[in-house]
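# Coordinate analysis (summary)
Next come the chains, spelled out residue by residue.
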Amino acid sequence: MGKNGLHSVLPLLLTAFFFMASGPKAPAHTPAGIKAGVTAQHSGHNEEEKLQPGKIIIDHVVDHYSWHITTIGETEISIPLPVILYSKERGFFFFWSSRFDHGHSSYKGFKIAQKGAQKGSIVEVTDQGEVKEDRPLDFSITKTVAAVFVSLALLLGIFITVARQYKKRTRKPPKGLQSLVEPLILFVRDEIARPSIGEKNYERYTPFLLSVFFFILLNNLLGLIPIFPAGANTTGNISVTMALALFTFIITQVSGKKHYWREIFNPPAVPWWLKIPLPLVPLIEFVGIFTKPFVLMIRLFANISAGHIVALGFFMLIFIFGDMNPMAGYGISVLSLLFTVFLTLLELLVAFIQAYVFTILSALYFGMALGEVE
Amino acid sequence: MELIRPDFGLLFWMLISFGIVLLILRRFAWGPILNALKTRERTIQERLDVARKAKKELAEIEFGNERIIALAKTERANMLKEAQQTKKQIIEEARQEARQEANKIMEDTNRKIEARKKEAEKEIRDQIAGLSVDIAEKVLKEKLSDDQKQKDYIRNLVNEITIN
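Residues numbered from 1 in each chain as written. Chains lettered and ligands numbered in written order. Predicted model: local features only at pLDDT ≥ 70, side-chain atom pairs only at ≥ 80, totals over all residues. Heavy atoms only, no water.

## Some words on the packing of helix 3 (residues 53-61) of chain A against helix 9 (residues 280-324) of chain A
All names here are of chain A.
- It is at 9 Å that the axes of helix 3 and helix 9 come closest, and there the two elements cross at 140 degrees. Classified by the angle between their axes, helix 3 and helix 9 sit oblique to one another. Our pair here, helix 3 against helix 9, has a crossing hand that is right-handed. Here Pro 53, Ile 56, Ile 57, Ile 58, His 60 and Val 61 of helix 3 lie close against helix 9, whose contacting residues are Ser 305, His 308, Ile 309, Leu 312, Gly 313, Met 316 and Ile 320.
- Of the residues in the contact of helix 3 with helix 9, the class split is 9 nonpolar, 4 polar and no charged. (Axes fitted to C-alpha atoms, helices over the stretch in contact; angles between N-to-C directions. Helix = DSSP H or I, 4+ residues; strand = E, 2+ residues; numbered from the N terminus. Parallel < 35°, antiparallel > 145°, perpendicular 65-115°, else oblique. Left-handed = near helix turned anticlockwise from the far one by under 90°. Contact = heavy atoms within 4.5 Å. Nonpolar A, V, L, I, M, F, W, Y, C, P; charged D, E, K, R; others polar.)

Written out as structure tokens, the structure is:
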């Protein structure tokens, strides 16, 4: 169900992708299959208490200004994260996200929008309490940013340790952590980079492909662990996948040789009338430059998000049934738990597959740009 | 924050942090790791090559041994043959020498016999001459009456002696 909802929204993503620089203007769309509630999860206690599974699920998947760990009774345990804002009129602001009191109050003329197009983001408010049209530039270390930092630190820690082992144990068989990652390193090098890019150039691109592969894999796996500091949905966040796709995009264009550009603007195997009065094929090829990384961005984001949404959906069944009748909730929990376990195992597989797919497609685009491999 | 709305701040941090990590990993992790893997692969390849070469050399050495053995065998056969020949030759020579020696001895003996014979003949002749004189004396002493008879008798005697 979550997947269908996302599919109906895909055309709109294109708009979002291109209008990024001027700030997100596209209206907020909620996947059709998931009805967003009017009340936020955190501000729900004094308004209607009706269970809103879709709202809760989306709330778990999207980014936040603070890192919510758990709620015990009425007290929320969450880690405040730094908010960094730049207002065109008032300059830079630094403060902890705890100032917002989980979105209940505004601070220094900023608040977290509870509804409308900017819902969930920090907006600037006037003295009269009206939301200003322009959003401040938001450099806040959100939950996802923090999770990305954690995973990057982990990535650095793991691979610098492994590199040290390699230096120490040259000409010796791998051991410990080394033997855990070596098959994957060899897989990326010999099965992804070498055949896709070509014998001549693959060594130049292998470091990037390895970094991307292990970053995605690590984040996919961390996303499956529900305990802090893992559990943030990083690779299921469109900004994160967009950044990764941008790296691939830029490297591809920079690597592009004469052959690559000719294939785009003057493809040789195409009849002339498809090029001369109206450059139909070159136009399609040109759009293709952008759709390739765009699809990379969407595929990773959609797969990981959908997995989380469906897993949470199965889990939510307990509370949906429990809302009707506590016994039904207990009854369904067994089934629901089995489904969730099954889905988590499936997600484990998807974690590897998506890391592989992103990496091999990036490698293929580099190979195409270099024109060494047909 | 929305599900499908890219967020500027997040994108900003992601690009910067991932970019930095990319550079650090390339310099301090992937570089050494990939180099080490390459070195190891090259080492393995070299070792394999060396092993293959050693095997080949060993085979060659074994082949050489066989050749040497074969050579030695033919050598031995040749030597045996030669020895056989030498033996035969020596025997032949010895035989010939012996024969020659024997011949020489025989000849010597014959010559000596001849010389003795001659000596004996001479001696006999001398004795005959002496005996003849004695006989003549006796004849002269005893019966010198009939001349004819005496002459015949002497002749008979001499003939007898000569034959003897």
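## A few points about helix 3 of chain A
Residues and elements named next belong to chain A.
- Of all the 9 residues making up helix 3, 7 are buried; the element is thus mostly covered by neighbouring parts of the structure.
- Within the sequence span of helix 3, burial applies to Gly 54, Lys 55, Ile 56, Ile 57, Ile 58, Asp 59 and Val 61.
- For helix 3, the elements touching its buried residues are helix 9. (Buried < 20%, exposed > 50% of the residue type's maximum accessible area, 1.4 Å probe, protein only.)

## Quick word on the packing of aromatic side chains
- Applying the stated criterion across every chain, the model contains 28 aromatic pairs over all chains.
- Taking the centre distance of 5.5 Å and the plane angle of 65 degrees together, the rings of Phe 139 of chain A and Phe 8 of chain B count as edge-to-face. Taken together, the positions of Phe 139 of chain A in the loop between strand 7 (137-138) and helix 4 (143-168) and Phe 8 of chain B in helix 1 (residues 8-142) put the pair across two chains.
- Given a relative accessible area of 34%, Phe 8 of chain B falls into the partly exposed group.
- Where Phe 208 of chain A meets Phe 366 of chain A, the ring centres are 5.7 Å apart and the plane angle is 55 degrees; that geometry is what we call tilted. Taken together, the positions of Phe 208 of chain A in helix 6 (residues 202-224) and Phe 366 of chain A in helix 10 (residues 326-370) put the pair 158 residues apart, joining distant regions of the chain. Residue Phe 208 of chain A shares its accessibility class with Phe 366 of chain A, and that shared class is buried.
- Ring pairs connect the aromatic residues Tyr 205, Phe 208, Phe 215, Phe 247 and Phe 366 of chain A together with Phe 18 of chain B, which therefore count as one cluster.
- Positioned over the ring face of Phe 28 of chain B is Arg 27 of chain B, at 4.9 Å from the centre of the ring. (Phe/Tyr/Trp six-rings, centres within 6.5 Å; stacked < 30°, edge-to-face > 60°. Lys NZ or Arg CZ within 6 Å of the ring centre and 35° of its normal.)

## Let's talk about the pairing of strand 3 (residues 82-87) of chain A
Residue and element names in this part refer to chain A.
- Where strand 3 lies against strand 4 (residues 91-96), 6 bridges are found, and the strand directions are antiparallel. Across the sheet, Ser 87 pairs through a bridge with Gly 91, a residue of strand 4.
- Joining the antiparallel neighbours strand 3 and strand 4 is a turn of 3 residues.
- One ladder, built from 2 bridges, connects strand 3 with strand 7; its direction is antiparallel. Residue pairing in the sheet places Tyr 86 in a bridge with Leu 137 of strand 7. (Pairing = 2+ DSSP bridges.)

## Regarding the pattern of salt bridges
Residue and element names in this part refer to chain A.
- Evaluation of the coordinates by the stated rule reveals 13 salt bridges over all chains.
- The salt bridge partner of Glu 124 is Arg 90, with a shortest N-O separation of 3.1 Å. Remark: Arg 90 occurs in the loop between strand 3 and strand 4 and Glu 124 occurs in strand 6 (residues 122-124); sequence separation between them is 34 residues.
- The class for Arg 90 is partly exposed, based on a relative accessible area of 36%. (Salt bridge = Lys/Arg side-chain N within 4 Å of Asp/Glu carboxyl O.)

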